[in-house]
Amino acid sequence: MTDTLHPTRDSSTQQVESRTSAAARDALHRRRRRLRRWGWGIPLWILALLFLLPFAWMISTSLKPDVEAFTVPMQWIPNDFRWENYTEVLFGERSILPAFGNSVLVALLRVLGELATATLAGYAFAKLRFRGRNVVFIVYLATSLIPAQLLLVPRFVYFQQLGLYDSLWALILPGMFTVLGTFLMRQFFVSQPGEFAEAARLDGANEFQIFFRVYLPNALPMISALAILTFVWSWNDYESPLVFLSSPETFTLPLALTNFTDETGAMAPGIAMAAAVISIIPILVVFLIFQRRFVQAMTESALK
Amino acid sequence: MTTATTTPPASGPSTANRTRRTGRAPSDPKPLVGWLFIAPNLLGVLLFTFVPLVSVVLLSFTKWNLVSGLEGIEFVGIDNFLFVLQDPKFWRSLLITVVYAGVAVPLTLVVGLLLATALNRDVPGRALLRACFFIPYIVNVVAIGMTWMMLLDPSAGLLNQFLGNFGAESLPGWFASSRWALPALILVTIWAQAGYACLIYLSALQDAPEQLYEAARIDGAGRWRMFRAITWPSLLPTSVFLLITLFVGISQSFGMIALITNGGPGSSTTTLSFYMYQTSFQFYRFGYASAVGLVTFLGIFALMLVMWRLQRGRALHD
């Protein structure tokens, strides 16, 4: 912004000249930097919009009658917005509200159960010494490598025997006790100094008081990170419901989304996309509110 | 451990070191307390993970179709495993898995790394950009799958409309053609996963050694050289981590395939994980499916070990 030289008291022309060129260089530098900023920025933004194009299509189609979904050329902004797609999906014959409720219930119980069991166990693995701890830990390490898909068949059989098949408990129970959550919490508690416990112990606190009053409050950021991760996994899970649920009343959202077909059995684009948009909103809200914690949770679980 | 309780923590350097290193309190609580703390989690893990794991191993030695009931379980020794090795469908699924993961994973890494290096610069609206690329990763597979099915519709889909503008003569049939279904799946997978790779790379890039760049700049190193000599080696552990997790994740998911193509057309998108899903929950051959699952798992596990070893060897050399 200062291309012109400010008047100075220095009379030496040489000095003035060098200042002029310095100022000019500065300005050039700034301009070049701004150019470079946008030189990278504009292509990146175009790419980002391309990445989001499927979502734009989703929203656009959710506001159209089915017959207009595939007009050529694509009409991004519908002639009149068909909000009835949304009212039908929410309150119509095949309302997804029950499925929405199921998803909320499963996610909440999974998060609560996971937090309760994983913080306790993670703390014990990190900070308490007891006989057999290492053996149990090795068993945990080994099971952490087992893919969930391998366990679907035996879980299916046991759930059928126990009467849990086709009930939400088939999703909730396995999700409450996870090895990964325990590892994440253990990793956090290991990084905490042991002196806290020592001091509290000298003050006569018992182990539960030490855990609840000394360590747990410090762990809140990690706990909320784990809560977010668990919520997202639970909300998006499609494979377990596909295997363990069979009657529409028990469907969670991802499974219920597959219901929106027309008379011929083909997908009905308008209401299907309206339902898809609704299924995404909670995740998007969680993501936008907790973005920093969310990113931290993702990277933390990656670099464990 | 008794030394820690009898001597004051600050008395000797060795004790102090040990306490600091393990981060543990120097005195032992009652052993029962530890078990009480892990009991809820341990019981759940035993019941819902460990018991099923043992069961799947046992099941893999049996012939059992769910329809015949629990009495119908028949012990067949290693027959299932022998049959896996002779099963043309298994080998075909293996090939499809190798192609699917072998193309999708490296491309996801490349796209993620490119995005991360671009985002690591001073660009306007960085946080928002990062969010844009990441959002596909956190959206459920059904919403994504349904949308892409329509975007990739052979006649009326947006992509083929776009390609048609360029006067392309025969447009790809995507999910409707046995030739293009796998490429379409790869495309959607990269789109959905690249944001995750980008996020992880970005956090690794931010930890990159700044002094080294400074030194290299003074030595007059060019940008490509700096990337090869500094950035890439410092990203290697991250790359291997992403390679392993993405490979495991991609080779084990069957949700998208079950939703969009159901393994077809023909068997062009029947990956191993989908083959296992099909054998167990569409044909109910639980014994054989368990064997397929175990063989797959052991194969992936061996591959993971190899990749991890390679990385460790490389890291030591540099």
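Residues numbered from 1 in each chain as written. Chains lettered and ligands numbered in written order. Predicted model: local features only at pLDDT ≥ 70, side-chain atom pairs only at ≥ 80, totals over all residues.

1. Topic: the overall build of chain A
Scanning chain A for helices and strands turns up 14 helices and 0 strands. Secondary structure of chain A in N-to-C order comes out as α-α-α-α-α-α-α-α-α-α-α-α-α-α. The C-alpha atoms of chain A give a radius of gyration of 29 Å, which is well past the 19 Å a tight globule of 304 residues would have. Taking all 304 residues of chain A together, the buried fraction comes to 38%. (Helix = DSSP H or I, 4+ residues; strand = E, 2+ residues; numbered from the N terminus. Rg over C-alpha atoms; globule rule 2.2 N^0.38 Å. Buried ≥ 20, exposed ≤ 12 C-beta atoms within 10 Å, placed from the backbone.)

2. A few points about the overall build of chain B
Helix and strand counts for chain B come out as 14 helices and 2 strands. Out of the 318 residues in chain B, the part that is buried amounts to 39%. When contacts within chain B are restricted to residue pairs at least 6 apart in sequence, long-range pairs at least 24 apart make up 62% of them. (Contact = placed C-beta atoms within 7 Å.)

3. Description of the interface of chain B and chain A
Contact residues are listed per partner, giving 71 residues for chain B and 78 residues for chain A. A per-element tally of the side of chain B that touches chain A places helix α3 (residues 31–59) of chain B first, with 19 residues. Along the lines of polarity and charge, the residues of the side of chain B that touches chain A split into 48 nonpolar, 18 polar and 5 charged. (Nonpolar A, V, L, I, M, F, W, Y, C, P; charged D, E, K, R; others polar.)

4. Examining the nonpolar core
Within the largest apolar cluster, 156 residues are counted, with the highest numbers of intra-cluster contacts made by Leu257, Ala275 and Ala276 of chain A together with Met146, Ala197, Cys198 and Tyr201 of chain B. At 17 residues, helix α9 (residues 181–205) of chain B tops the list of elements feeding residues into this core. When residues of this core are assigned to domains, at least three map to each of domain 1 (13–59) and domain 2 (79–311) of chain B. In this structure, alanine 197 of chain B is in contact with Thr108, Leu109, Gly112, Leu242 and Leu246 of chain B, ignoring residues within four places of it in sequence. (Core = buried A, V, L, I, M, F, W, Y, C linked by C-beta atoms within 7 Å. Domains from an automatic or database assignment.)

5. Things to note about the domain arrangement of chain B
Its domain assignment divides chain B into domain 1 (13–59) and domain 2 (79–311). Each of domain 1 of chain B and domain 2 of chain B has a C-alpha centre, and the two are 35 Å apart.

6. Things to note about the packing of helix α4 (residues 133–144) of chain A against helix α7 (residues 179–190) of chain A
All names here are of chain A. Two elements in contact, α4 and α7, have axes separated by 9 Å at closest approach and are oriented at 125°. In terms of axis orientation, α4 runs oblique to α7. Read as a crossing pair, α4 and α7 show a hand that is left-handed. Judged by residue contacts, Tyr140, Thr143 and Ser144 of α4 engage Val179, Leu180, Thr182 and Phe183 from α7. Broken down by class, the residue content of the contact of α4 with α7 amounts to 4 nonpolar, 3 polar and no charged. (Axes fitted to C-alpha atoms, helices over the stretch in contact; angles between N-to-C directions. Parallel < 35°, antiparallel > 145°, perpendicular 65-115°, else oblique. Left-handed = near helix turned anticlockwise from the far one by under 90°.)

7. Considering the environment of aspartate 79 of chain B
Assignment of secondary structure puts aspartate 79 of chain B in helix α4 (residues 79–86). C-alpha separation for the pair aspartate 79 of chain B and alanine 291 of chain B, spaced 212 residues apart in sequence, amounts to 9.6 Å.

8. Some points on unusual backbone geometry
Of note in this structure, aspartate 166 of chain A is not a glycine but carries a positive phi near 65°. Tracing the chain through its elements places aspartate 166 of chain A in the loop between α5 (148–162) and α6 (169–176). Positive phi outside glycine occurs at tyrosine 284 of chain B, with the angle close to 55°. Mapped onto the secondary structure, tyrosine 284 of chain B falls in the loop between α13 (272–281) and α14 (286–317).

9. Observations regarding the packing of helix α13 (residues 269–289) of chain A against helix α7 (residues 141–151) of chain B
With their axes 9 Å apart at the nearest point, α13 of chain A and α7 of chain B run at an angle of 145° to one another. By crossing handedness, the relation of α13 of chain A to α7 of chain B is classed as left-handed. Between α13 of chain A and α7 of chain B, the residues in contact are Pro269, Ala272, Ala276, Ser279 and Ile280 of chain A and Ala143, Met146, Thr147 and Met150 of chain B, respectively. Taken together, the residues of the contact of α13 of chain A with α7 of chain B break down into 7 nonpolar, 2 polar and no charged.

10. Regarding the confidence of the model for chain B
Residues and elements named next belong to chain B. Residues with a pLDDT of 70 or more make up 89% of chain B, whose mean pLDDT is 83. Least confident of the elements in chain B is helix α1 (residues 2–6), whose mean pLDDT is 38; most confident is helix α5 (residues 88–119), at 93. Contacts for the low-pLDDT stretch residues 1–26, under 50 throughout, to residues beyond four places or in other chains number 31 contacts. (pLDDT = per-residue confidence, 0-100.)

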